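Notes for the structure review
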Amino acid sequence: MNGFDRHVLRHSVRHALALGINDWSSGPRPADTAQVHAAGVDPLRVLLFGGGPAVGYGVKTHELALAGALARRLSTVTGRAVDVDVTVRADLTIHRAKSLVATVSSEPYDVVVVVVGVTDALEFSSLGRWRSGITELFRLLRDALPTSPIAFIAVPPASRVTTLRAPLARLVDEQVAALNSVASEVVAETPSATFVPFLPDRRGGGTRHRSPEVYDRWAAGIVRGIADGCAAEPAAADANELAGRDVDEAARQRALERLDILNTGAEESFDRIVRLAKDLFGVPGAAISFIDDDRQWFKARVGVAAVETARTDAFCDFTIRQTGALVVRDASLDDRFRSHRFVLTRGHVRFYAGYPIESPDGQRIGALCVFDAVPRSFSPTDETLLRNLAHLVQDELGARASSSPDPVGAGG
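Residues numbered from 1 in each chain as written. Predicted model: local features only at pLDDT ≥ 70, side-chain atom pairs only at ≥ 80, totals over all residues. Heavy atoms only, no water.

Take the environment of Ala287 next. In this structure, Ala287 sits in strand E7 (residues 285-291). The exposure class of Ala287 is buried, given its relative accessible area of 0%. Taking the C-alpha atoms as reference points, Ala287 and Asp271, separated by 16 residues in sequence, lie 8.7 Å from one another. The contact partners of Ala287, leaving out residues within four places of it in the chain, are Val274, Phe298, Ala300, Arg301, Ala367, Leu368, Cys369 and Phe371. (Helix = DSSP H or I, 4+ residues; strand = E, 2+ residues; numbered from the N terminus. Buried < 20%, exposed > 50% of the residue type's maximum accessible area, 1.4 Å probe, protein only. Contact = heavy atoms within 4.5 Å.)

Moving on to the confidence of the model for the chain. Of the residues in the chain, 82% reach a pLDDT of 70 or more, and the chain-wide mean stands at 82. Throughout residues 6-24 the model reports pLDDT below 50, and contacts reaching past four residues in sequence, or to other chains, amount to 41 contacts. (pLDDT = per-residue confidence, 0-100.)

Here six strands make up an open sheet; going across it, the order is E1-E3-E2-E4-E5-E6 and the pairing mixed. Here the strands that pair on one side only, and so sit at the sheet edges, are strand E1 (35-38) and strand E6 (193-196). Strand-to-strand twist across the sheet, computed as the mean angle between neighbouring axes with direction ignored, equals 20°. As defined by bridge partners, strand E2 (residues 44-50) adjoins strand E4 (residues 111-115) across five bridges and the pair is classed as parallel. Residue pairing across strands places Phe49 opposite Val114, the latter belonging to E4. (Pairing = 2+ DSSP bridges. Axes fitted to C-alpha atoms, helices over the stretch in contact; angles between N-to-C directions.)

With that out of the way, let us pick up the pairing of E7. The two faces of a sheet get side chains in turn, since along a regular strand they alternate between them. Counting buried positions along E7 gives seven out of seven residues, so the element sits mostly inside the fold. Neither face of E7 is exposed, since Gly285, Ala287, Ser289 and Ile291 on one face and Ala286, Ile288 and Phe290 on the opposite face are all buried. Summarising the sheet, E7 and strand E12 (residues 364-372) pair through six bridges and their orientation is antiparallel. Its bridge partner being in E12, Phe290 is matched across the sheet by Gly366. Looking at chain direction, E7 and strand E8 (residues 295-302) are connected through six bridges and run antiparallel. In the sheet register, Ala286 faces E8, and the bridge partner there is Val302. Counting the residues between successive antiparallel strands, the hairpin from E7 to E8 contains three residues.

Further remarks concern the side chain of Ser148. Structurally, Ser148 is set in the loop between helix H5 (127-144) and strand E5 (150-153). A relative accessible area of 1% means that Ser148 is categorised as buried. Polar contacts involving the side chain of Ser148 include one to the main-chain amide nitrogen of Tyr109, which spans 2.9 Å. Leaving out residues up to four positions away in the same chain, Ser148 has contacts with Pro108, Tyr109, Val112 and Arg142. (Polar contact = N/O pair within 3.5 Å; in protein donor to acceptor, adjacent residues only side chain to side chain.)

Below, the structure is given as structure tokens:
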């Protein structure tokens, strides 16, 4: 393809996108802190670098975008905590990506996920410029992060992420195939680099109103290509925790006691979070609970009369045995809970959703939960919102600990 052909096609694509619904610049995209976290132990550090799908068009927070979906999916697969730093640029091309490297933290990452090429495909960049750009980008990333593996995510077909119609979509897809062929060759020549295939489904991906569900499906495909390199022996131990086994109860109890939170009085900062959870999800009950040695103690609660219950009666005891949300849509149909005292008695629980609360040193010591007497649905977006509220509780615990004369972690 000569320069004139590329020029004509480039302007044809721009015109087609301007007439369609792909004017992403006018739609929502994340404006929050470019970092997300999935709870657990032995945290993985991930850098999401690039543009295109990594930007998060269609949602207003990285928690609901590709970064958040990657963190949650990777945590589920590996059994480890995941911290994702996001370094993206909306109009990214392979040559603009080089200047983006200068903004990257110099701390090592367990994996650098590189998402580039969508704009290059739409602009029909020459294969020579693409090859030199990728080679230079990898060199700069290796200089900045010499020990961090790189996962290059294949450029997705335009027919899967835009609303371009044939024949333009077909021509762009041919360009994508050529870019990916070159990229796979450069990756093969780059130490500690992996080429990860990426073929997103067509549902909702081509509009600027992408949903959290779209990003979750995309993340699932990407994680399959990077999870093996992130697994480690500590993850295997945590996988047992996910199944409700091998919890280090002694370490968990010590972390809880160091916080000096048990049996303290009501505090507005915690009560506010519980009220917000109740109103946000439209449920009659919500609580912040801490799992003590043999009891569940409520720091804040609404719709609950008791100050504490036996640990054996606590749904939240199941929640602390996994890294993500525990959602029980109808407890009467769940083998774990159908014979539970609070399911069978008056004022019964049918719906429960809880998210673990971690101590500053990563031990799961309690949960933020919401519940109802009738079965309910709970979407991935709802799980993310519940997680954000649980992190607010953790922030309050951290602030409380830092103001203590005997900080958490001091002593044995």
